[in-house]
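Descriptive analysis of the structure
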Amino acid sequence: MTLLLSCKQFLTELNAYLDEETSAEERSQLQSHINECPNCWVVVDTTQKTMRVYKGAEPQAVPQDVSERLMAALRRKMADKRGGC
Amino acid sequence: MQASNGSVVFDEAALVERARGGDDAAFAGLVEQYQRKIYRLARNITQNAEDAEDVLQDAFLKAYTNLGKFHGDSKFYTWIVRIAVNEALMKLRKRRGDKMVSLDEEIELGEESVTREIAVWDGNPEQTYSQEEMRKLLDDAIQSLKPTFRSVFQLRDVEELSTEETAEALELSVPAVKSRLLRARLQLRERLTKQFKRKGDDAFAFL
């Protein structure tokens, strides 16, 4: 009979669980906690979804004027370098 | 060099090799590929459009100047992210002036262990909200974090750097990255759950 973790102990190990950085033994202990504790199951599920929505978000286009100034600065730098050779 | 939509294979290593050989068009291709991500990172860390533009320019100009020092033992992307993070943190510190931004303060997963909002999400928010609405919600949530949590989350979970790479870029210890990441994830989860929870679950909110 494995001793069940408290929710606080579980939360401390949440990242290790999410990032799969646990040993098989630790993982099964964490897994048994989730199976028994609906609140922690919800926390795991919604944290995974939080990470997923951020990973999946496409960055917005750089505003055109900002991008143009970047490219202009870069062209100047490139010209300087060639001039200096 | 329209590779971001996946229709053209983007070969980072080949472009870096050409750029290192003096091919400026190849370097411009790298800028084209990564400017969106670097700009987002700069905005999220500095929280300021003007600073973000400076960071964007300075990071790519520095990378161009120092390309000879890039040895290809990490990805170019990881390298440019690190340069941009350094620039962004310098801006942040300058702007905060005396209120020195310390990324290294002690963090504990204390009593308010930020899991008050226990509710399942209502389906897939990506399908419910437009890309524009989603972006706004995610940006607002990330901006509510303290700089120290924001930077760690940005690098680990948005830019997908490893714990070690994040630690190196932010000059934090590995355990410090881990504890900040946990807090950041839980705080974001809390905020997004408020937004995305199944509405029927509100019935239990007063309990």
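Each remark here, short or long, concerns the structure printed above.
Residues numbered from 1 in each chain as written. Chains lettered and ligands numbered in written order. Predicted model: local features only at pLDDT ≥ 70, side-chain atom pairs only at ≥ 80, totals over all residues. Heavy atoms only, no water.

**Some points on the overall build of chain A**
Looking only at helices and strands, one finds five helices and zero strands in chain A. Of the regular secondary structure in chain A, the N- to C-terminal order runs α-α-α-α-α. Expressed as a percentage of its 85 residues, the buried residues of chain A come to 40%. (Helix = DSSP H or I, 4+ residues; strand = E, 2+ residues; numbered from the N terminus. Buried < 20%, exposed > 50% of the residue type's maximum accessible area, 1.4 Å probe, protein only.)

**Points about the interface of chain B and chain A**
Interface size, as often reported, equals the accessible area lost upon joining of the parts. Tallying the contact residues gives 50 residues for chain B and 39 residues for chain A. Each partner contributes to the roughly 4100 Å² buried at the junction of chain B and chain A, and carbon and sulfur atoms together form 63% of this total. Our count for the chain B to chain A interface comes out at five salt bridges. Across the salt bridge formed by Arg185(B) and Asp19(A), the nearest N and O atoms sit 3.0 Å from each other. Run the count over chain B and chain A and you get 13 residue pairs in polar contact (both at pLDDT 80 or more). Elements with a contribution of two residues or more to the side of chain B that touches chain A: helix 2 (24-46), helix 3 (49-65), helix 5 (125-128), helix 6 (131-143), helix 7 (147-158) and helix 9 (174-196) of chain B. When residues of the side of chain B that touches chain A are assigned to their parent elements, the largest contribution, 10 residues, is made by helix 2 of chain B. Residue classes in the side of chain B that touches chain A are distributed as 25 nonpolar, nine polar and 16 charged. (Contact = heavy atoms within 4.5 Å. Buried area = accessible area lost by both parts, 1.4 Å probe. Salt bridge = Lys/Arg side-chain N within 4 Å of Asp/Glu carboxyl O. Polar contact = N/O pair within 3.5 Å; in protein donor to acceptor, adjacent residues only side chain to side chain. Nonpolar A, V, L, I, M, F, W, Y, C, P; charged D, E, K, R; others polar.)

**Considering the nonpolar core**
Counting 68 residues, the largest nonpolar core has Tyr54(A), Phe27(B), Leu30(B) and Phe76(B) as its most contacted members. Ranked by residue count, the leading element in this core is helix 4 (residues 76-96) of chain B, at 11 residues. The residues contacting Phe27(B), other than those within four sequence positions of it, are Leu74(A), Met78(A), Ala19(B), Phe60(B), Ala63(B), Tyr64(B), Leu67(B) and Phe76(B). Core analysis: the next-biggest nonpolar cluster, separate from the first, contains 15 residues, Phe10(A), Tyr17(A), Leu18(A) and Cys37(A) among them. (Core = buried A, V, L, I, M, F, W, Y, C linked by side-chain atoms within 4.5 Å.)

**Details of the state of the cysteines**
All names here are of chain A. Evaluated as defined, the whole model comprises zero disulfides over all chains. Free of any disulfide, Cys 7 has its nearest neighbouring cysteine sulfur in Cys 37, separated by 3.7 Å. Cysteine Cys 40 is unpaired, with the sulfur of Cys 37 as its nearest cysteine sulfur at 3.7 Å. (Disulfide = S-S within 2.5 Å.)

**Section: the packing of aromatic side chains**
Per the stated rule, a full pass over the model turns up 12 aromatic pairs over all chains. Ring geometry for Tyr54(A) and Phe153(B): centres 5.0 Å apart, planes at 80°, overall edge-to-face. You can see Tyr54(A) sitting in helix 4 (residues 38-56) and its partner Phe153(B) sitting in helix 7, one on each of two chains. Relative accessible area serves as the criterion here: at 5%, Tyr54(A) is assigned to the buried category. A ring pair is formed by Phe27(B) and Tyr64(B), whose centres lie 5.2 Å apart and whose planes are at 65°; its orientation type is edge-to-face. Here Tyr64(B) lies in helix 3 and Phe27(B) lies in helix 2, a separation of 37 residues in the sequence. Its relative accessible area of 1% is what places Phe27(B) among the buried residues. For Tyr64(B), a relative accessible area of 5% puts it in the buried group. (Phe/Tyr/Trp six-rings, centres within 6.5 Å; stacked < 30°, edge-to-face > 60°.)

**Description of the pattern of salt bridges**
The full count for this structure, using the stated rule, is 17 salt bridges over all chains. Among the salt bridges present, the one from Asp19(A) reaches Arg156(B), with a minimum N-O distance of 3.4 Å. Of this pair, Asp19(A) sits in the loop between helix 2 (14-18) and helix 3 (24-36) while Arg156(B) sits in helix 7, placing the two residues on different chains. Several salt bridges share partner residues, and in doing so they unite Asp19(A), Arg156(B), Asp157(B) and Arg185(B) into one network.

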